[in-house]
Amino acid sequence: MRTRRRLLTVSGIAAAALATAGLNTAAFAATTLSSGHVDALDAEWDGADLHLHVHDEETDTEYEPADVTLSVPAAAKAANPGYGFLGTGSQIWLLPDTEAEAAAAGVLFPGISTEHLTTGVFANDTVTYTLVSATRDGAATEDFSIYAGSGSRWFDSNTAITTFKSRTFGVATHNHANWAFEEAGTYQLTFRVQGTVAGVTESATEAYTVVVTS
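Here the structure is a predicted model, which is why all the values come from computation and not from measurement.

Some words on the pattern of salt bridges
Move 1: Evaluated as defined, the whole model comprises three salt bridges.
Move 2: Residue D137 pairs with R136 through a salt bridge whose shortest N-O separation is 3.9 Å.
Move 3: Its relative accessible area of 53% is what places D137 among the exposed residues.
Move 4: Residue D143 pairs with R136 through a salt bridge whose shortest N-O separation is 3.0 Å.
Move 5: Classification of D143 by relative accessible area gives buried; the value is 9%.
Move 6: Beyond isolated ion pairs, a larger network of salt bridges with shared partners links R136, D137 and D143.

Overview of the sheet that holds strand β15 (residues 178-181)
Move 1: Taken in spatial order, the five strands of this open sheet run β6-β7-β15-β11-β12, and their pairing is antiparallel. Each having just a single partner strand, β6 (77-79) and β12 (152-156) make up the two edges of the open sheet. Ignoring which end each strand starts from, the neighbouring axes of this sheet average 40 degrees apart.
Move 2: Relative to β15, strand β7 (residues 91-95) runs antiparallel, the two sharing three bridges. Pairing of W93 across the sheet is with F181, part of β15.

Quick word on empty space enclosed by the protein
Move 1: Throughout the structure, instances matching the rule amount to one cavity of 30 Å³ or more.
Move 2: If you go around the largest cavity, the residues you meet are V38, A40, L70, L95, L108, P110, W179, F181 and V210.
Move 3: Secondary-structure elements contributing two or more residues to the lining of the largest cavity are β2 (36-45), β8 (108-113) and β15.
Move 4: Looking at side-chain class alone, the lining of the largest cavity contains nine nonpolar, no polar and no charged residues.

Topic: the side chain of N178
Move 1: With respect to the helices, strands and loops of the structure, N178 is situated in strand β15.
Move 2: What N178 contacts, discounting residues up to four positions off in sequence, is L94, L95, P96, D97, S145, I146, Y147, A148 and G149.

Thoughts on the environment of G89
Move 1: By the secondary structure assignment, G89 is in the loop between β6 and β7.
Move 2: You can call G89 partly exposed: its relative accessible area is 39%.
Move 3: Separated by ten residues in the primary sequence, G89 and A79 have C-alpha atoms spaced 8.9 Å apart.

Quick word on the packing of aromatic side chains
Move 1: In this structure the tally under the stated criterion is twelve aromatic pairs.
Move 2: Here the aromatic rings of F144 and F181 are separated by 5.2 Å at their centres, their planes lie at 40 degrees, and the arrangement is tilted. Of this pair, F144 sits in strand β11 (residues 144-148) while F181 sits in strand β15, placing them 37 residues apart in sequence. Accessibility assignment for this pair places F144 and F181 in one class, buried.
Move 3: Aromatic ring contacts, followed pair by pair, group F144, F155, W179, F181, Y187, F191 and Y208 into a single cluster.

With respect to unusual backbone geometry
Move 1: Even without a glycine there, the phi angle at F164 is positive, about 60 degrees.
Move 2: For F164, the position within the fold is in the loop between β12 and β13 (166-170).
Move 3: The phi dihedral of A198 falls on the positive side, at around 50 degrees, and the residue is not glycine.
Move 4: Tracing the backbone shows A198 in the loop between β16 (185-197) and β17 (200-212).

What to know about the pairing of β15
Move 1: Residues N178 and A180 point to one face of β15 and W179 and F181 to the other, with burial holding for every one of them.
Move 2: Here four bridges tie β11 to β15, and the two strands are oriented antiparallel to one another. Note that in β15 the partner of I146 across the bridge is W179.

Quick notes on the rules
- Residues numbered from 1 in each chain as written.
- Predicted model: local features only at pLDDT ≥ 70, side-chain atom pairs only at ≥ 80, totals over all residues.
- Heavy atoms only, no water.
- Salt bridge = Lys/Arg side-chain N within 4 Å of Asp/Glu carboxyl O.
- Buried < 20%, exposed > 50% of the residue type's maximum accessible area, 1.4 Å probe, protein only.
- Pairing = 2+ DSSP bridges.
- Helix = DSSP H or I, 4+ residues; strand = E, 2+ residues; numbered from the N terminus.
- Axes fitted to C-alpha atoms, helices over the stretch in contact; angles between N-to-C directions.
- 1 Å grid on protein atoms, 1.4 Å probe; cavity = no way out; pocket = protein on both sides within 12 Å on 5 of 7 lines; lining within 4 Å.
- Points joined across faces, edges and corners; volume = space filled by probe spheres on them.
- Nonpolar A, V, L, I, M, F, W, Y, C, P; charged D, E, K, R; others polar.
- Contact = heavy atoms within 4.5 Å.
- Phe/Tyr/Trp six-rings, centres within 6.5 Å; stacked < 30°, edge-to-face > 60°.

Below, the structure is given as structure tokens:
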């Protein structure tokens, strides 16, 4: 497992400086990530609590989810592969499950990580990620999903179904799948990570902002 550096983000540095000066920090926009290898869902355990972060693998920088906007540009548009859960549109916006495809398109290569969780802490050496809710432009949406390979769904925001909301991962693993968006807009994706430590359920819930551009 690599050695990690905890870095204060650029926006965090600016906010801290302004707070010291007694100035309003609201004008500072969140950091935007639009390409490269980024573990969007990165679980950590500090010995007492679970946490969710966004980890930029390109710079080894860690962000609070509230401080980051994940950008999905028009370059992410791809032909709809025809899986029923992706709707009937001819195109989707796709963040692919291979780094080579993501690099070729110049888009994010998003990961779901438990690599910072060590074995022997969580029951069965597993934690569960849950898609708690998803909105697009402020309204509940069925336009988001994560799937692997030939249409094997991991998560689906469709509120008409109760399946594909949670998935269990082994600790100390690094996982990639396709992140698909069926419409342009601003998405708010709320995820929870949960596990059991010494018989006690531990969890962390964070909201992620994803902007999909037409």
